[in-house]
Amino acid sequence: MYDRALGCKTMGCFATAIAVFGFFAFLLSSAQEMAGEAKKARADKARSVAALKDGSAGAASKAGRKTVTADDTHLSSLLQAAQVYSADHNGLLPPMKTPEAFRTALFPKYVSRETMFVSVRSKKVYLPNPALSGKRLRSFTNPAEVIALYGPLDTTTPEEEAQTQVIYLDGGQERVTTAEWGQLRKKARLP
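Numbering of residues starts from 1 in each chain and follows the order in which that chain's sequence is written. Predicted model: local features are reported for residues with pLDDT of at least 70 only, side-chain atom pairs are reported and counted for 80 or more only, and whole-chain, interface and lining totals are derived from all residues. Heavy atoms from the whole structure form the basis of all side-chain values; hydrogens and water molecules are not counted.

1. Examining unusual backbone geometry
Cis geometry is found at the peptide bond from Phe107 to Pro108, where omega equals 5°. Relative to the assigned elements, Pro108 resides in the loop between α4 (99-106) and β1 (127-128). Backbone geometry at Lys123 places phi at a positive 65°, although glycine is not the residue there. Positionally, Lys123 belongs in the loop between α4 and β1. The phi dihedral of Arg189 is positive, around 55°, even though this residue is not glycine. Within the secondary structure layout, Arg189 lies in the segment after α5 (178-188). Taking the relative accessible area as the measure of exposure, Arg189 reaches 77% and is therefore exposed. Only DSSP runs of H or I covering at least 4 residues are called helices, and only runs of E covering at least 2 are called strands; the numbering of each starts at the N terminus. The classification of residues rests on relative accessible area computed with a 1.4 Å probe and restricted to protein chains. Under 20% of the type maximum is buried, over 50% is exposed, and intermediate values are partly exposed.

Following this line, the structure appears as structure tokens:
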């Protein structure tokens, strides 16, 4: 009878060992899956960076992503800095009545380089939406429709191809034609 009891205990230990082994196998497979996804993301990023370096739309489309420009990055960084400023100031957005007031509020504490406030393409400063100045970030019910910042009109291209880079309060960005910009500007009551 003692041997039988010992056998039951052994079976219990065996079942526990199998459960532990199963758990570690699950962890290992999850880690391998995450490593595969990270490797794929790094490869996608490398292709996107290559597309940016050679400036070709073909390389960017091979990467399966929209070409990200320096202006896209600058506007994203400025919006993130304004959001961090807001978190540090009881939810209030920084002064945005003028580009100078916006820069003064964010530089150097929230944005470390002054060049971030200038469009790489046009060499002109980005323009904040003055209607957002000092407003509570959470007071906007549809941030995807609120223009936070926009780039100056790109006059380096022919009139029919001129575009303005726009970033919305939710972080979404788009390049709009001169005609589209006129409509957006009017709707947002921008100067």
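After that view of the structure, there is still more to cover.
2. What about the packing of aromatic side chains?
Paired rings are identified among Phe, Tyr and Trp, the last through its six-membered ring, by centres lying within 6.5 Å, and are further divided according to the angle between planes into stacked (under 30 degrees), edge-to-face (over 60) and tilted (the rest). According to the stated counting rule, one finds three aromatic pairs in the structure shown. Both rings, one in Tyr85 and one in Tyr110, keep their centres 5.5 Å apart while their planes meet at 65°; by these two values the pair is edge-to-face. Linking Tyr85 in helix α3 (residues 70-88) with Tyr110 in the loop between α4 and β1, this pair joins segments that are 25 residues apart in sequence. The pair Tyr85 / Tyr110 is uniform in exposure class, with both members buried.

3. Here's the deal with the sheet that holds strand β2 (residues 147-150)
Judged by pairing direction, the sheet is antiparallel, and its four strands sit side by side in the order β1-β2-β3-β4 without closing on themselves. Bordering the open sheet on either side are β1 and β4 (173-177), each of which pairs with just one other strand. Here a strand pair is declared whenever DSSP counts at least two bridges between the two strands. Pairing of strand β3 (residues 163-168) with β4, which is carried by five bridges, proceeds in the antiparallel orientation. In the sheet register, Val166 faces β4, and the bridge partner there is Glu174.

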